[in-house]
Amino acid sequence: MGAIIDERLKQIINDKNSLKVIASQNVDGELHVVYKQSLHVIDEDLLEFYEIIESSQNNKNMVNSIWYEVPVAINILSEDRKSFEIKGVAHKAHVAGKYFEEKYVQLTDKGYYDLSTVWQIKVIEVNEKTFKVKEQEALEQHPSYRHLDQLLKD
Amino acid sequence: MFRDGTSVLFHDTGEKRQHRAPYLVDNVDSKLVLTDQDEVIETVDFWERADYFDHQTSTGKNMQILIGNRPQRFDVTGSWYCHFWDTPGGGCKYCPIGAQGGEKKKKGEVLLTDPKEIVEVLAEGIKQRGRFANILITTGSILSGKQLLDDELNYHIELLKEIGKLFKTDRFPSQLIGTAYNREQLERLYNETGLMSYTADIEVLNETAFNRLCPGKAKFIGYQEWKKRLKIAAEIFGRGRVDTGLVTGTEIGNGIGFRTEDAAFAAVSEEAEELAEAGVSVAATIWQPSDIAILKNAKNPSLEYMIRISREFERLRLKYNLAVDFDDYRRCGNHPNTDLARLR
């Protein structure tokens, strides 16, 4: 199996101008969506982001993900409007150790007030959701989903 | 440490008392894994050695001897000797630490560590940025003083004042596990130091079991008085900033406690709710009978009971809206009920 995150997607995810959101569920199944601009690629199937606030809902939901293998969904929107949906599951929570401390120093030197967790997410699936791509797919695969007035002769 | 950041302390219970092969940390395919009877359960890591371990104090002592640690917490132990053990049979019957302290006393090693020496180590340790998030202070019970426990309290106040000089804030993330102080002593502890949270371990939530299990605590303070002092502590330190440690499982069987797990569950839950309503949470460790404790041949209850009671304690924490920030998975761990607080 080839890389789940190819070089093009890696560049988009790592681009600070891309928008990055994570949707997660709490232990009761309630949904939560949050921007996580620190999201970046570690490996072809591994993403990472920094959770600054220990008590945040996202942090609790990531625990729910790693304990019970509850998936999280991520969407990346590039500066030129390319969109990718990534499904994954929390894989590791760095809360101590040299790796954590290295990130802690980087972030607090930038002015963040603390660091709770360096979360890593194992990627399960990637799908492109760019509007133009999905539009073309819809036209080809679901020709019935059109209003007739759009098909009238000029 | 597990992948989720949970840290687990393990105890060697000795070959004699193993009912089955123990969990084993092994090297499989160049990865550290936890195995159970040759089945790989999970990848694990050891938590890392702190940088201060390589340093010595100004008097030439190895710093690692003076202060231990968890992954994110300093463990400051003023003394390993508990004076409830001064009276024969006075120590808690499950306790291996007290038994070790007794050996130390015989060797003349009952000394309180100099607060200035402790602060010297803390100051060095905190230089490791991102390593430490909390300071735990504990000392074996010291019964002497103008009032009962005054000498213990005065040592903790002196130590906390010294530690407070390191910080720019009035209070700093810290936990004291002390004996149950009276109102006047608790007010002094809160008002004279920067301590953020307070713990006094009642050990078991049943008066009969407490009297049998902890005869020293029962004789000098008493079960009802211990609970009353915990509630007073919550008034002073605030709801959710006081808890009490339980050695979960000691309430059942072994000639100490309830005959059935159902009876224990009902009674312990009721007592835990009384404390939670007053702002006191519990930190319920899992009892692992130790070969060097008085109850060395005891049998602990079922895993199902441990899970059931841990979930009940978490339900009560949520019902009464109590935080356990100061005693959670990151600062302490090893009590499953507070691990559950990571979810809500």
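What counts, and where the lines are drawn
Residues numbered from 1 in each chain as written. Chains lettered and ligands numbered in written order. Predicted model: local features only at pLDDT ≥ 70, side-chain atom pairs only at ≥ 80, totals over all residues. Heavy atoms only, no water. Helix = DSSP H or I, 4+ residues; strand = E, 2+ residues; numbered from the N terminus. Buried < 20%, exposed > 50% of the residue type's maximum accessible area, 1.4 Å probe, protein only. Contact = heavy atoms within 4.5 Å. Areas by Shrake-Rupley, 256 points an atom, 1.4 Å probe, with all protein chains shown as cover. Lys, Arg positive; Asp, Glu negative; His and termini not counted. Charge placed at Lys NZ, Arg CZ, Asp CG, Glu CD. Rg over C-alpha atoms; globule rule 2.2 N^0.38 Å. Patch = residues over 30% accessible without salt bridge, like charges linked within 9 Å, V, L, I, M, F, W, Y side chains within 5 Å. Salt bridge = Lys/Arg side-chain N within 4 Å of Asp/Glu carboxyl O. Pairing = 2+ DSSP bridges. Axes fitted to C-alpha atoms, helices over the stretch in contact; angles between N-to-C directions. Buried area = accessible area lost by both parts, 1.4 Å probe. Phe/Tyr/Trp six-rings, centres within 6.5 Å; stacked < 30°, edge-to-face > 60°. Lys NZ or Arg CZ within 6 Å of the ring centre and 35° of its normal. Disulfide = S-S within 2.5 Å. Domains from an automatic or database assignment. Polar contact = N/O pair within 3.5 Å; in protein donor to acceptor, adjacent residues only side chain to side chain. Nonpolar A, V, L, I, M, F, W, Y, C, P; charged D, E, K, R; others polar.

Participant: Give a detailed account of the overall build of chain A, specifying residues and quantitative values.
Facilitator: The helix and strand tally for chain A stands at four helices and seven strands. Counting only C-alpha atoms, chain A reaches 65 × 35 × 35 Å along its principal axes. In chain A, which comprises 154 residues, the share counted as buried stands at 41%. Taking as baseline every contact in chain A between residues at least 6 positions apart, the subset at least 24 positions apart corresponds to 66%. Summed over its atoms, the accessible surface of chain A is roughly 8900 Å², and 51% of this surface lies on carbon and sulfur atoms. Where the 19 positive side-chain charges of chain A centre and where its 26 negative ones centre are 3 Å apart.

Participant: Please give an account of the overall build of chain B that cites residues and values.
Facilitator: If you tally the helices and strands in chain B, you get 11 helices and 10 strands. For chain B, the C-alpha radius of gyration of 20 Å lies close to 20 Å, the compact-globule estimate for 344 residues. Based on the C-alpha atoms only, the size of chain B along its principal axes is roughly 55 × 50 × 45 Å. Looking at the 344 residues of chain B, the share that counts as buried comes to 54%. Of the roughly 16200 Å² of accessible surface on chain B, 51% is carried by carbon and sulfur atoms. In chain B, the 46 positive side-chain charges and the 52 negative ones have mean positions that sit 2 Å from each other.

Participant: Describe a nonpolar patch on the surface, listing the residues and the values that go with them.
Facilitator: On the surface, Val25, Leu32 and Phe46 of chain B cluster together to form a nonpolar patch covering roughly 260 Å² of accessible area. Its place among the elements puts phenylalanine 46 of chain B in the loop between strand S3 (39-43) and helix H1 (63-66).

Participant: Describe in detail the sheet that holds strand S5 (residues 73-77) of chain B, supporting the description with residues and values.
Facilitator: All names here are of chain B. If you walk across this open sheet you meet the seven strands as S4-S5-S6-S7-S8-S9-S10, and the pairing is mixed. Strand pairing shows two members of the sheet lacking a second neighbour, strand S4 (67-69) and strand S10 (280-286), which therefore form its edges. Taking the axes of each pair of neighbouring strands and ignoring which way they run, one obtains an average angle of 25° across the sheet. Pairing geometry for strand S8 (residues 197-199) and strand S9 (residues 242-248), over two bridges, is parallel.

Participant: So what's going on with the interface of chain A and chain B? Residues and values would help.
Facilitator: Frequently, the measure chosen for interface size is the accessible area removed from exposure when the parts meet. Facing 25 residues of chain A, the contacting portion of chain B comprises 22 residues. With both chains or domains summed, chain A and chain B bury close to 2100 Å², and 49% of this area falls on carbon and sulfur atoms. Viewed at the interface, chain B and chain A are joined by five salt bridges. One salt bridge connects aspartate 51 of chain B with lysine 98 of chain A, and the closest N-O pair in it is separated by 2.8 Å.

Participant: Lay out the packing of aromatic side chains in plain terms, naming residues and giving numbers.
Facilitator: Residue and element names in this part refer to chain B. Here the structure, examined in full by the defined rule, presents 13 aromatic pairs over all chains. A centroid spacing of 5.8 Å and a plane angle of 35° characterise the contact between tyrosine 181 and tyrosine 198, whose relative ring orientation is tilted. Residue tyrosine 181 is found in the loop between strand S7 (174-177) and helix H5 (183-192), and its partner tyrosine 198 is found in strand S8; the two are separated by 17 residues along the sequence. Neither residue differs from the other here; tyrosine 181 and tyrosine 198 are each classed as buried. Each member of the aromatic cluster is reached from another via a ring pair, and the members are Tyr52, Phe53, Phe74 and Phe132. Between arginine 308 and the ring centre of phenylalanine 265, over which it is positioned, the NZ or CZ distance is 3.9 Å. Above the plane of the ring of tyrosine 329 lies arginine 342, whose end atom (NZ or CZ) is 3.7 Å from the centre.

Participant: Give me the lowdown on the environment of lysine 61 of chain B, citing residues and values where you can.
Facilitator: Residues and elements named next belong to chain B. Topologically, lysine 61 is positioned in the loop between S3 and H1. The partly exposed category is assigned to lysine 61, whose relative accessible area is 40%. Separated by 56 residues in sequence, lysine 61 and glutamate 117 have C-alpha atoms that sit 9.4 Å apart. Here lysine 61 is in contact with His55, Gln56, Leu66 and Glu117, once residues within four sequence places are set aside.

Participant: Explain the state of the cysteines residue by residue, including any values.
Facilitator: All names here are of chain B. A complete count under the given rule lists zero disulfides over all chains for this structure. Its sulfur unpaired, cysteine 82 is 6.7 Å from the next cysteine sulfur, which belongs to cysteine 92. Distance from the sulfur of cysteine 92, which forms no disulfide, to the nearest cysteine sulfur (cysteine 214) is 3.4 Å.

Participant: Please give an account of the domain arrangement of chain B that cites residues and values.
Facilitator: Residues and elements named next belong to chain B. Examined at the domain level, chain B breaks down into domain 1 (1-46) and domain 2 (47-343). Computed from C-alpha coordinates alone, the two centres of domain 1 and domain 2 are separated by 26 Å. Every contact between the two is made by 13 residues of domain 1 and, on the other side, 15 residues of domain 2. At the junction of domain 1 with domain 2, the criterion picks out one salt bridge. At the boundary of domain 1 with domain 2, the tally comes to two residue pairs in polar contact (both at pLDDT 80 or more). Each residue belonging to the side of domain 1 that touches domain 2 can be placed in one class, and the counts come to four nonpolar, five polar and four charged.

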